[in-house]
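Structure assessment
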Amino acid sequence: MAAEAIKVKPSPSYGAPIPGDFKAGMLIIMAGAAITALMAVAGSSYTTGFAAGYLLGVVNLVWLYLIVRKSLTITSEKAMRYVMPRCYLRFLVTAAIIFFTIMLGFVHNPWPPLTGISASIFIAIGSMVFTAKELFK
């Protein structure tokens, strides 16, 4: 018996939203706005850096979401060739933006933007878990 490669038909639903993605996205944006507003009210000097890092983290997650959504609609042979270069490019663009933001003096301390990026990732994970629990009840 010859082993044949499993062919997966691409899904015709590319572009269709994943259930719950709007709710998770709104939760991420509202949480970031609330944290930034609290920092601004408290008079923190790290507000701008945190907001810039949070915005960069959200854009990075949206870019990853678009890559993953497209990769789920193509065959498995093409998916790896599609995903890998885009993930490397996403990493390099994010690193370059952080580097130039610090080097050009827009942010003087690297910790607030890195905290913003980390907060966006943790809030995204939490909101996705919450949304998944709501969807599968």
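Residues numbered from 1 in each chain as written. Predicted model: local features only at pLDDT ≥ 70, side-chain atom pairs only at ≥ 80, totals over all residues. Heavy atoms only, no water.

Details of the overall build of the protein
On a plain count of helices and strands, the protein comes out with 4 helices and 0 strands. Along the protein, helices and strands appear, N-terminal first, in the series α-α-α-α. In the protein, which comprises 137 residues, the proportion classed as buried is 26%. Sequence separation of at least 24 residues holds for 71% of the intrachain contacts in the protein that already meet a minimum separation of 6. Working note: accessible area of the protein is about 9,600 Å², and carbon and sulfur atoms make up 76% of it. (Helix = DSSP H or I, 4+ residues; strand = E, 2+ residues; numbered from the N terminus. Buried < 20%, exposed > 50% of the residue type's maximum accessible area, 1.4 Å probe, protein only. Contact = heavy atoms within 4.5 Å. Areas by Shrake-Rupley, 256 points an atom, 1.4 Å probe, with all protein chains shown as cover.)

Quick look at helix 3 (residues 76-103)
Taking 1.5 Å of rise per residue, 28 residues should cover 40 Å, and helix 3 covers 41 Å from first to last C-alpha, within 8% of that figure. If you check which residues of helix 3 are buried, you get Ala 79, Tyr 82, Arg 90, Thr 94 and Ile 98. Backbone geometry just after helix 3 places Gly 105 at a positive phi near 85°. (Expected span 1.5 Å × (residues − 1).)

Observations regarding the packing of helix 2 (residues 47-71) against helix 3
Running from amino to carboxyl end, helix 2 crosses helix 3 at an angle of 170°, the nearest separation of the two axes being 10 Å. Between helix 2 and helix 3, the angle is such that the two are roughly antiparallel. Taking contact as the criterion, the partners of Leu 56, Asn 60, Trp 63, Leu 64, Ile 67, Lys 70 and Ser 71 in helix 2 are, on helix 3, Ala 79, Tyr 82, Val 83, Arg 86, Cys 87, Leu 89, Arg 90, Val 93, Thr 94, Ile 97 and Ile 98. Per-class residue counts for the contact of helix 2 with helix 3 are 12 nonpolar, 3 polar and 3 charged. (Axes fitted to C-alpha atoms, helices over the stretch in contact; angles between N-to-C directions. Parallel < 35°, antiparallel > 145°, perpendicular 65-115°, else oblique. Nonpolar A, V, L, I, M, F, W, Y, C, P; charged D, E, K, R; others polar.)

Description of the side chain of Thr 36
Note that Thr 36 resides in helix 1 (residues 21-42). Judged by its relative accessible area of 18%, Thr 36 falls in the buried class.

A look at a nonpolar patch on the surface
Taken together, Phe 22, Met 26, Leu 27, Ile 29, Met 30 and Phe 130 make up a surface patch of nonpolar side chains, about 600 Å² in accessible area. For the nonpolar patch, the leading source of residues is helix 1, giving 5 residues. Turning to its location among the elements, Met 26 is positioned in helix 1. Look at Met 26 and you get partly exposed, because its relative accessible area is 32%. (Patch = residues over 30% accessible without salt bridge, like charges linked within 9 Å, V, L, I, M, F, W, Y side chains within 5 Å. Salt bridge = Lys/Arg side-chain N within 4 Å of Asp/Glu carboxyl O.)

Some thoughts on the confidence of the model for the protein
Per-residue pLDDT for the protein has a mean of 81; in total, 85% of the residues score no lower than 70. Mean pLDDT per element in the protein: helix 1 is the minimum at 82, and helix 3 is the maximum at 91. Contacts from residues 8-13, a stretch scored under 50 in pLDDT, to residues over four places away or in other chains number 5 contacts. (pLDDT = per-residue confidence, 0-100.)

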